Amino acid sequence: SALTNNAVVSDTFICKGVNDGSAAASSIFTGFKPRRVEVFNETDVIKFDYFDGMTAAYAFKLNGTGPTFTEITSVGVTLLDGTEASPATAATGNLRTSGAGFTLGTGILAASKTYWIVATR
C-alpha cells in the first residue's frame, strides 16, 4: 500500500492510499493510538468504521452499493500503541516507521483500490 496526502493535523490523521497488486495487511503509524478509524474505499463505495474498545481486527462495514451494514469479525482494524513486537508491514509513504497507529487487515484492504483514511485521537 502507498500513502499520499499524508498528514497529522492536531488530533486527526488523514491520508489517501492506493493499494497495489497485493491485499496484504498494512500498518499505518500516526504517532498516536486513535480512538476512531474511518476507511473509505473510494473505488467500491464502501465505508469501514472502528472505535477504540471494539475487539481487535473487527470493523463495521457499510456497503454503499447495497446498501448493507455488517460487522467484520476478523482481519479488520487493530489499534497499535507502539509496544507490539511485530505489527504488519508498514504501508509505503508512512511518516513514521514504527510506533502507535493501526493496522488495516485484508477484510478492508483489497488489491488495486483507492482509500481515504481518517484516524482521530
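Residues numbered from 1 in each chain as written. Predicted model: local features only at pLDDT ≥ 70, side-chain atom pairs only at ≥ 80, totals over all residues. Heavy atoms only, no water.

Right, let's get into the nonpolar core. Note that soluble globular proteins tend to have their nonpolar side chains buried in a common cluster. With 22 residues, the main nonpolar core has Val 37, Val 39, Val 77, Phe 102, Leu 104, Ile 108 and Ile 117 as its most contacted residues. Within the residue set of this core, elements represented by two or more residues are strand S2 (12-18), strand S4 (36-41), strand S5 (46-51), strand S7 (68-81), strand S8 (100-104) and strand S9 (114-120). Setting aside anything within four residues of it in sequence, one finds Val 39 in contact with Ile 46, Lys 47, Phe 48, Leu 104, Ile 108, Tyr 115, Trp 116 and Ile 117. (Core = buried A, V, L, I, M, F, W, Y, C linked by side-chain atoms within 4.5 Å. Buried < 20%, exposed > 50% of the residue type's maximum accessible area, 1.4 Å probe, protein only. Helix = DSSP H or I, 4+ residues; strand = E, 2+ residues; numbered from the N terminus. Contact = heavy atoms within 4.5 Å.)

Below, the discussion takes up the packing of aromatic side chains. Using the criterion set out here, one finds two aromatic pairs in the structure. On the numbers, 6.5 Å between centres and 55° between planes, the contact of Phe 51 with Phe 60 is tilted. Phe 51 sits in the partly exposed class, given a relative accessible area of 32%. Aromatic pair Phe 60 and Phe 69: ring centres 5.6 Å apart, planes at 25°, arrangement stacked. What makes Phe 60 partly exposed here is its relative accessible area of 26%. (Phe/Tyr/Trp six-rings, centres within 6.5 Å; stacked < 30°, edge-to-face > 60°.)

Let us look at unusual backbone geometry. A cis geometry characterises the amide bond from Gly 66 onward to Pro 67, with omega recorded as -20°. In this fold, Pro 67 is placed in the loop between strand S6 (58-63) and S7. Of note, Ala 57 is a non-glycine position whose phi angle comes to about 75°, a positive value. Of note, Ala 57 is situated in the loop between S5 and S6. One non-glycine residue, Val 75, lies in positive phi territory at about 50°. For Val 75, the position within the fold is in strand S7.

What follows concerns the pattern of salt bridges. Summed over all chains, the structure comprises six salt bridges. Among the ionic pairs, Arg 36 bridges to Glu 38, the shortest N-O distance being 3.3 Å. Glu 38 sits in the buried class, given a relative accessible area of 15%. A salt bridge links Arg 36 to Asp 49; the nearest nitrogen and oxygen atoms lie 3.0 Å apart. (Salt bridge = Lys/Arg side-chain N within 4 Å of Asp/Glu carboxyl O.)

With that settled, consider the confidence of the model for the protein chain. Across the protein chain, the average pLDDT comes to 90, with 93% of residues at or above 70. Mean pLDDT across the elements of the protein chain bottoms out in strand S1 (residues 2-9) (63) and peaks in S5 (98). (pLDDT = per-residue confidence, 0-100.)

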